[in-house]
Every structure is written in C-alpha cells, then in structure tokens.
Amino acid sequence: MECAAKGSGTRCIDAATILCARCEAVAYCSLSHRIAHWSHHKHECDRLQQQMESVDILNDFPFTFSRESTFQICVKQETRCSFLSKRGLHQVGMWMHECQCGGSSASFNLSGLNNGWELPSVLCPCRGPDSFVSEQLCSWRDYYTWRCMPLDSPVALPLQWPLTIYHAAQLVGITTSNLEGSDKLNIHYLGPEKELLQLAVFGELLALFPGVHIHIELVGPAIPTQRDGEKISISKYPCCNEAKCVCKLAGENVSMNSSLTLQLWRGFYHDRYTDIVKDSFPHLIIAPNSGIAVYSSWLPSIELIEKIDVPAVFTDYCEEACHLAASCIKTVTGRPLRLPVQLNPFRQPIAVEDSVLLLPCYSNCFLFEYHL
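The sections below set out a description of the structure shown in this document. (Residues numbered from 1 in each chain as written. Predicted model: local features only at pLDDT ≥ 70, side-chain atom pairs only at ≥ 80, totals over all residues. Heavy atoms only, no water.)

So, the pairing of strand S8 (residues 312-316)
Thinking step 1. Burial runs high along S8: five of the five residues are buried.
Thinking step 2. Burial of S8 is two-sided: the residues Ala312, Phe314 and Asp316 facing one way and the residues Val313 and Thr315 facing the other way are all buried.
Thinking step 3. With helix H11 (residues 298-307) bridging strand S7 (residues 284-287) and its parallel neighbour S8, the resulting β-α-β unit is right-handed.
Thinking step 4. In terms of strand pairing, S8 meets strand S10 (residues 366-370) through five bridges, oriented antiparallel. Bridge assignment links Asp316 to a residue of S10, and that residue is Phe366. (Buried < 20%, exposed > 50% of the residue type's maximum accessible area, 1.4 Å probe, protein only. Helix = DSSP H or I, 4+ residues; strand = E, 2+ residues; numbered from the N terminus. Right-handed = clockwise from strand over helix to strand, strands pointing away. Pairing = 2+ DSSP bridges.)

Observations concerning the pattern of salt bridges
Thinking step 1. Considering all chains together, one arrives at 12 salt bridges under this definition.
Thinking step 2. In this structure, Arg80 and Glu98 form a salt bridge, with 3.3 Å as the shortest nitrogen-oxygen distance. Residue Arg80 is located in helix H6 (residues 80-85), and its partner Glu98 is located in the loop between H6 and helix H7 (140-146); the two are separated by 18 residues in the primary sequence. Note on accessibility: Arg80 and Glu98 belong to one class, buried.
Thinking step 3. Two residues, Arg227 and Glu230, come together in a salt bridge whose shortest N-O distance is 3.2 Å.
Thinking step 4. Under the relative-accessibility criterion, Arg227 is labelled buried at 17%.
Thinking step 5. Using a relative accessible area of 17% as the deciding quantity, one classes Glu230 as buried.
Thinking step 6. Each of Glu68, Glu78, Lys86 and Arg87 takes part in one network of salt bridges that share partners. (Salt bridge = Lys/Arg side-chain N within 4 Å of Asp/Glu carboxyl O.)

Topic: helix H10 (residues 269-277)
Structural remark: α-helix, 3.6 residues per turn; residues separated by three or four positions point the same way.
Thinking step 1. Buried residues of H10: Tyr269, Arg272, Tyr273 and Ile276, and no others. Down the axis of H10, the sector holding all buried residues measures 135°, keeping them to one side. What points out from H10, more than 90 degrees from its buried face, is the exposed set Asp271 and Thr274. (Arc of directions from axis to C-beta.)

Focus on the packing of H10 against H11
Each pair of packed helices can be summarised by the angle the axes make with each other and by the distance between the axes.
Thinking step 1. Where H10 meets H11, the axes come as close as 8 Å, and the angle between the chain directions of the two elements is 40°. Between H10 and H11, the interaxial angle falls into the category oblique. Mapping the contact onto sequence places Tyr269, His270 and Tyr273 in H10 and Pro300, Ser301, Leu304 and Ile305 in H11.
Thinking step 2. Across the contact of H10 with H11, the residue classes tally to five nonpolar, two polar and no charged. (Axes fitted to C-alpha atoms, helices over the stretch in contact; angles between N-to-C directions. Parallel < 35°, antiparallel > 145°, perpendicular 65-115°, else oblique. Contact = heavy atoms within 4.5 Å. Nonpolar A, V, L, I, M, F, W, Y, C, P; charged D, E, K, R; others polar.)

Overview of the side chain of Ser363
Thinking step 1. Counting through the fold element by element, Ser363 comes out in the loop between strand S9 (339-343) and S10.
Thinking step 2. When its relative accessible area of 4% is taken as the criterion, Ser363 is described as buried.
Thinking step 3. When near neighbours in sequence (up to four residues on either side) are disregarded, Ser363 contacts Gln160, Trp161, Asn289, Tyr317, Arg347, Gln348 and Val352.

Considering H11
Thinking step 1. When we look at burial in H11, the residues that qualify are Trp298, Ser301, Ile302, Leu304 and Ile305. Relative to the axis of H11, the buried residues are bounded by an arc of 160° and lie together on one face.

Quick word on the packing of aromatic side chains
Each aromatic ring pair is characterised by the separation of its centres together with the angle its planes make.
Thinking step 1. Here the structure, examined in full by the defined rule, presents 17 aromatic pairs.
Thinking step 2. Residues Trp140 and Tyr144 carry aromatic rings whose centres are separated by 6.4 Å and whose planes lie at 90° to one another, so their mutual orientation is edge-to-face. Residue Trp140 and its partner Tyr144 are both found in helix H7; the two are separated by four residues, about one turn of the helix. In this structure, Trp140 and Tyr144 share a single accessibility class: buried. (Phe/Tyr/Trp six-rings, centres within 6.5 Å; stacked < 30°, edge-to-face > 60°.)

Considering the side chain of Arg80
Thinking step 1. With a relative accessible area of 9%, Arg80 lands in the buried category.
Thinking step 2. There is a polar contact of 2.9 Å between the side chain of Arg80 and the backbone oxygen of Glu98.
Thinking step 3. A polar contact of 3.0 Å, which involves the side chain of Arg80, links it to the side chain of Gln348.
Thinking step 4. Those residues in contact with Arg80 that lie beyond four places of it in its chain are Ile73, Glu98, Cys99, Lys194, Gln348, Ile350, Ala351, Val352 and Glu353. (Polar contact = N/O pair within 3.5 Å; in protein donor to acceptor, adjacent residues only side chain to side chain.)

This is the structure in structure tokens:
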C-alpha cells in the first residue's frame with residue numbers, strides 16, 4: 001500500500017505501515033508524513049471512519065467461500081490466483097481475466113465469446129431458467145435460488161456485469177413489463193475494460209429480460225482500434241464443461257425469444273455520441289467502475305449526459321470513490337443525485353487486492369444515479 005502523502009512533499013522513506021489513528025483507512029510511511037498530510041486528510045477522515053465501520057456489511061455475502069474471498073484476501077492469507085487455482089479455474093477461459101495474470105483488453109478477440117464456464121452444469125447457468133423472474137431479484141441469494149445453483153458456485157465473479165446492469169435498470173424503473181409498449185432496451189455502457197474479455201457472460205441478460213431485444217453500445221478508449229464499430233450478437237449462455245449436457249445441443253441454448261446485440265465504439269462517450277445515437281437512443285446509461293474523480297476526460301461526458309433526459313447509473317470500487325464522483329458531478333452540473341450512493345447487492349464477491357485505501361474494495365461495489 002502506498003503512503004497517503006506520496007507526491008505531496010518530501011520523499012517517502014519506508015513502507016506505509018503507520019495508520020491514521022482516527023479512521024485507520026489510510027497509511028503513511030512515517031509519522032512526519034502523517035502529520036504533514038493532516039491538513040488535507042482532515043476533510044475526509046470522519047467520512048472514511050464511518051465507511052470503515054461498515055466493513056462487515058461490505059464483506060457480507062451468502063457464499064460458502066465468502067470469508068476466503070473477502071477477509072482472507074484483504075489480510076493476504078489468500079490471493080485471487082490461489083482462490084481460482086483451488087477451483088481449477090486459474091488461467092482458464094474467461095476466468096483468466098479474474099487475476100493479474102490475465103491479458104489486457106488490448107488482447108480482446110471474438111474467441112472470448114466461445115468461452116464456457118469450465119464448471120459442471122450444477123454449478124453454472126448454462127441453460128435457460130426453470131421459470132421467469134417472478135419477483136425482483138435483490139441479492140446474490142435471490143439470484144442463485146432462481147437459477148437453482150448451490151452457494152459454493154463461483155460464477156458470481158464474472159456475473160457481476162449483467163447483474164449490475166439488471167439492478168441498475170430496476171433502480172431507475174426499467175422492467176420487462178414497463179418498456180412503454182416496446183420490446184427493445186437500449187443501453188449505453190461507458191468505459192468497458194475487463195468485461196470486454198468476458199462478453200459471453202452478458203448472455204445472462206437473455207434470462208433476466210425475457211422477451212426483450214437488448215442492444216448495448218459499449219463505448220470507451222479500451223476498445224481496440226480494429227474492433228471499432230463491430231457488432232456482436234449473443235444468442236446463448238456460456239456452456240458448462242459436460243460433453244453431454246443439453247446446453248451443447250443445437251437449439252437448446254436459446255432464451256425465451258430474447259435477443260442481445262453489442263456494438264463497440266472506441267473513444268470517449270462525448271466524442272462518439274452523435275454517431276451512436278443515430279440508431280440507439282438510450283433507455284439507460286451505465287458506467288461501471290467509472291473512476292469519475294480520477295479521470296478528467298469524464299467532464300465533457302458528464303456535461304453531455306446532463307443535456308439528455310436519460311437515467312445514468314455510475315458504480316465504483318468503494319463508497320469513497322462514489323462520494324468523490326458525486327461531488328465532481330455536482331460541481332459540473334450544480335444538481336444533486338437522484339438516488340444517493342448505495343451498496344450494490346450484485347458487487348463482485350471477491351476483494352480487490354492492494355487497493356489504495358484500507359477500505360475493502362470490490363468491483364461495482366457502490367453505485368448512484370444521476371438524472372435530471
């Protein structure tokens with residue numbers, strides 16, 4: 001972990017092991033750096049202290065592996081690599097992108113769409129559900145019960161992407177029953193990176209939105225130049241590793257008259273919006289793990305989003321990142337959030353290793369909505 005005062009004065013002299021005595025969320029390389037940094041840190045200290053008191057809530061997952069994937073990773077008793085290795089998933093298919101050993105989005109290619117779960121059928125959603133979603137899914141437990149999977153299945157790790165889309169849609173009031181008489185759902189998805197290497201899991205949206213034609217515009221600088229403008233159709237779920245499972249049979253891996261298409265756009269949203277919106281005005285804008293407070297390139301996109309009357313949901317790795325993002329948005333627009341910063345029940349249930357803060361961090365951990 002880096003010293004919280006790094007780059008703000010004198011050179012760091014040691015590892016960052018001295019904690020702020022109040023919040024215990026940041027660390028310093030020396031007592032002198034802690035004292036010097038107080039004039040800055042005092043504005044966030046109380047807020048971080050409150051967030052540290054919510055650690056147990058952040059780590060609360062229903063899975064049999066929850067302690068292993070949360071506390072033990074945070075204290076370095078386990079790593080993502082060891083977690084995956086124990087399950088035979090390290091450096092395999094879509095799973096190779098769940099640890100730092102995996103490739104970057106620059107290596108994205110369409111072969112990733114053919115990646116399966118590499119798990120037995122009982123542990124993965126390789127076929128359509130036994131029933132429609134009769135009630136709103138509000139937790140990983142709800143989802144696993146609906147999909148008839150045991151709580152030792154690790155598929156929630158990559159399923160964070162489609163389930164976060166589902167939850168964001170529910171928050172803004174978009175359901176299969178109220179798409180204003182239309183059976184099409186247009187989503188503008190901003191800043192994709194790792195998910196470009198796991199596009200097969202977006203097939204789960206076919207089950208979550210039965211009978212709906214879903215079109216997702218994926219827009220961001222991480223999309224390789226050679227993929228710009230490419231359209232991808234997904235008509236099935238990722239398969240299991242059983243040769244005789246019905247998910248391998250032709251015509252058996254298609255879901256409920258739904259369809260899912262993805263289109264790739266390289267660049268920033270504010271630069272590509274005019275081209276995108278010609279054929280796809282959004283019902284929802286979503287920006288997973290957005291990092292708004294970190295990247296100044298977000299500012300013109302925020303200004304654009306302010307001008308169009310569309311719900312926009314942003315997520316980030318921790319509550320503090322969302323708080324800073326919300327402050328940036330308020331500075332640009334002068335308007336408060338429509339929905340406050342809140343915990344995402346479908347955050348990825350494995351901790352981020354070596355996070356900047358001592359706060360537990362999870363992919364898509366917190367979210368908020370901005371909408372006029």
